[in-house]
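In case you want the letters, here they are:
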Amino acid sequence: MKELGLNISKKRMKELLYENTINILKKATEVKAGHIGGSLSMSQFLLPIIYSLEIENKFNYRILLSKGHASLGFYSILNLLKINEKPFENYCTKKSSSFHGHTCKKSFNKLIASSGSLGHGLPIAMGFAYTEKIRNRNIPIICILGDGELQEGTLWESLLHIFNMNLNIKILIDFNNSIETNTSKIDEGIKNLVKTSDYSAHSYKDIKKAINLITSQGPEIIIFRTTKLANVNSYESKPQWHAGIPNLDELNDMLKKVHIRLED
Amino acid sequence: MRNTLLKSISEKINLDNKLIVLLGDLGVFQMKDAMKKYPSRVLNFGVMEQTMIGFSAGLASGNYYPIIYSITPFLVDRAYEQIKLDLIYNKNNALILSAGASYDYSTLGPTHHCPHDITNLLSINHPLISHPFTKIESVNILNLILQNKEQAYIRISSSELDISKYSKLEKVELKSQKANLINLEKFISKNSLSNDKLVILFGPDSILLKDCVEHIKDSDAVITVSVINKKMFKDLSEEINKFKRVLIIIPYEPSQIIFKLVSRINTFKNKPNSILVLHPKPDFYDSSYEKIDIFRKYTEETKII
């Protein structure tokens, strides 16, 4: 399989990340809903990945957000890249066509399940990947987990089978380090069990390496080092912004402080 | 009944390449030939029931039909959220085959008892639940489910009950039961001259409840319920309203069934004079009981009307 690239300039990607950050903050404030912390940390790597897969490469893949509470970030990316604007436009509105606060599979034809309860995504992704394997198609499935979610037992159970079955699953971990229980070395646990790649979501070079792993065959675990609200100066890593909604004064202050961190 | 169903599934695997069987470390011996012949479609997934249900949801979203087989409490209790969200909410159809419901594993203690599987599944809108009375019926139900690839649950009991063997009873054709899937069957007493007493049996364990046999002998009609779905509640409530006295025997936690029946019966003008439910008393039976002893000693009566 050919290696995927990411040809868009870093400058242009920074502009897209900037616009995405602004959109997420404004939408959450407008509808008084959404998990802005995880949405922003996940967007830092998922926006360039979706850009590469959808816009530059028209690549065939499937995706599942096991950390379904980051749906605002996912819908914002679909909206920004004009893949499907409806979920973002109708996010947590009172309309009958609205989308609730966790990912709904009707939002995107490559999304294989509606999600929200932590620990459910990887087993479903594994089942889907198994059907691809026995059909000899092996379309890769991307499953996005949060580091907090790594506490769920189903993740560890799934790993027992994924590597034995050599399934074509790409596990992307949004490691934003915001777990408040004492499991911060959980990444070391995974590294001791299976092969992982450890990247910074603020390094353009690392993101490109991760995109190339998506086209390799077999399971991959990519730990993306992120920080909640990393691109909003003085708001970084504060627990209140996991699910907290900014008021108008806070929003205005945040908007002034958006500064995209993306190194070479 | 277990072996009959597993044998039937082994045969179906040959004919339908969309079937994938997941064993929760149960039935491995009975399925060994099928596992050898179809290693990619008969898997011993191991003892990780939540992950197994999630995995089956992924199989269904990849356009296969999973059949999941394990012990009731570990499937229905432990993986309840996965059944609710990954299968039912996400519309991923699967057949759950469970062995050891209610008190089938009575001597193994409360960790292996599961008298509340059906009520829990009904409360999350599981659309098709079945507890066949006989081996033949279990295969018929299985065949229809596999044909339609529906969201389905078959509770395999260690008991069997063939009500047609009661000499005083005669089967009658119900107009409502001409569809493919027979939800309920009606038998009337050859000696009966009236519509006085109706006895309803929910699954083969019913016969184990206290005084069940006497109630059957003393009845004007008996209805056996094998499949619990929306249509069954409609058809059964209409039958109930033809009688003066109704005894419903539910050998498991009955609350959802009672609730759904009562809400229908209350819409009728003429109701029976009395409706009584016989069911096991809910408790943790923390001794090495025989199944029949739990049912006989701890039968409780709940009066509905």
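Definitions and limits used
Residues numbered from 1 in each chain as written. Chains lettered and ligands numbered in written order. Predicted model: local features only at pLDDT ≥ 70, side-chain atom pairs only at ≥ 80, totals over all residues. Heavy atoms only, no water. Helix = DSSP H or I, 4+ residues; strand = E, 2+ residues; numbered from the N terminus. Rg over C-alpha atoms; globule rule 2.2 N^0.38 Å. Buried < 20%, exposed > 50% of the residue type's maximum accessible area, 1.4 Å probe, protein only. Contact = heavy atoms within 4.5 Å. Areas by Shrake-Rupley, 256 points an atom, 1.4 Å probe, with all protein chains shown as cover. 1 Å grid on protein atoms, 1.4 Å probe; cavity = no way out; pocket = protein on both sides within 12 Å on 5 of 7 lines; lining within 4 Å. Points joined across faces, edges and corners; volume = space filled by probe spheres on them. Nonpolar A, V, L, I, M, F, W, Y, C, P; charged D, E, K, R; others polar. Domains from an automatic or database assignment. Core = buried A, V, L, I, M, F, W, Y, C linked by side-chain atoms within 4.5 Å. Pairing = 2+ DSSP bridges. Axes fitted to C-alpha atoms, helices over the stretch in contact; angles between N-to-C directions. Buried area = accessible area lost by both parts, 1.4 Å probe.

A. Examining the overall build of chain B more closely. Across its full length, chain B carries 11 helices and 14 strands. For 305 residues, the compact-globule formula gives about 19 Å, and the C-alpha radius of gyration of chain B, at 19 Å, lands near that figure. Dimensions along the principal axes, computed over C-alpha positions, put chain B at roughly 60 × 45 × 35 Å. Burial analysis of chain B (305 residues in total) assigns 58% to the buried set. In chain B, 74% of the contacts between residues at least 6 apart in sequence involve partners at least 24 apart. Accessible surface, chain B as shown: approximately 12800 Å² in total, 50% of it carbon and sulfur.

B. Quick peek at the layout of surface pockets. Residue and element names in this part refer to chain B. The volume enclosed by the largest pocket comes to roughly 380 Å³. What lines the largest pocket is a set of 20 residues, among which Thr134, Ile136, Glu137, Asn140 and Glu185 lie closest to the centre. Those elements that provide at least two residues to the lining of the largest pocket are helix H7 (135-148) and strand S8 (184-189). Looking at the lining of the largest pocket residue by residue, the class counts come to nine nonpolar, six polar and five charged. Residue-level mapping places the lining of the largest pocket at the junction of two domains, with at least three residues from each of domain 1 (2-156) and domain 2 (163-303).

C. Spatial organisation of the nonpolar core. Phe202 and Ile228 of chain B are the most contacted members of the largest nonpolar core, which has 78 residues in total. No other element matches helix H5 (residues 121-134) of chain A, which puts seven residues into this core. A domain split of this core shows at least three residues from each of domain 1 (2-156) and domain 2 (163-303) of chain B. Look past the residues within four positions of Ile228 of chain B in its chain and what remains in contact with it is Ile118, Leu122, Pro127, Leu128, Ile129, His131, Phe202, Phe233, Tyr252 and Ile257 of chain B. In this structure, Leu6, Ile22, Leu65 and Tyr75 of chain A belong to the second largest nonpolar core, which totals 63 residues.

D. The arrangement of the sheet that holds strand S13 (residues 274-280) of chain B in detail. All names here are of chain B. Pairing is mixed across the open sheet formed by seven strands, whose spatial order is S7-S8-S10-S9-S12-S13-S14. Because the sheet does not close on itself, it has two edges, and the strands there are strand S7 (169-172) and strand S14 (299-303). Across the sheet, the axes of successive neighbouring strands diverge by a mean angle of 25°, strand direction being ignored. Relative to S14, S13 runs antiparallel, the two sharing five bridges. Each residue of the ladder has a partner; that of Val277, found in S14, is Thr302. The strands touched by helix H9 (residues 230-240) within the sheet are S8, strand S9 (197-202), strand S10 (221-225), strand S12 (245-249) and S13, with S9 carrying the most contacts at an inclination of about 160°.

E. Just the side chain of Ser237 of chain B, in detail. Residue and element names in this part refer to chain B. Mapping Ser237 onto the fold places it in helix H9. For Ser237, a relative accessible area of 1% puts it in the buried group. Every residue in contact with Ser237, bar those within four places of it in the chain, is listed here: Leu261, Arg264, Ile265 and Phe268.

F. Spotlight on the interface of chain B and chain A. Each side of the interface is counted separately: chain B has 26 residues, and chain A has 22 residues. Across the chain B/chain A interface, buried area totals approximately 1900 Å², and carbon plus sulfur atoms make up 58% of it. It is Thr51, Phe55 and Asn90 of chain B in chain B that bury the most area against chain A; as a group they hold 26% of the surface buried on that side. Elements with a contribution of two residues or more to the side of chain B that touches chain A: helix H3 (49-61) and helix H5 (80-89) of chain B. Among the elements that make up the side of chain B that touches chain A, the one with the highest residue count is H3 of chain B (eight residues).

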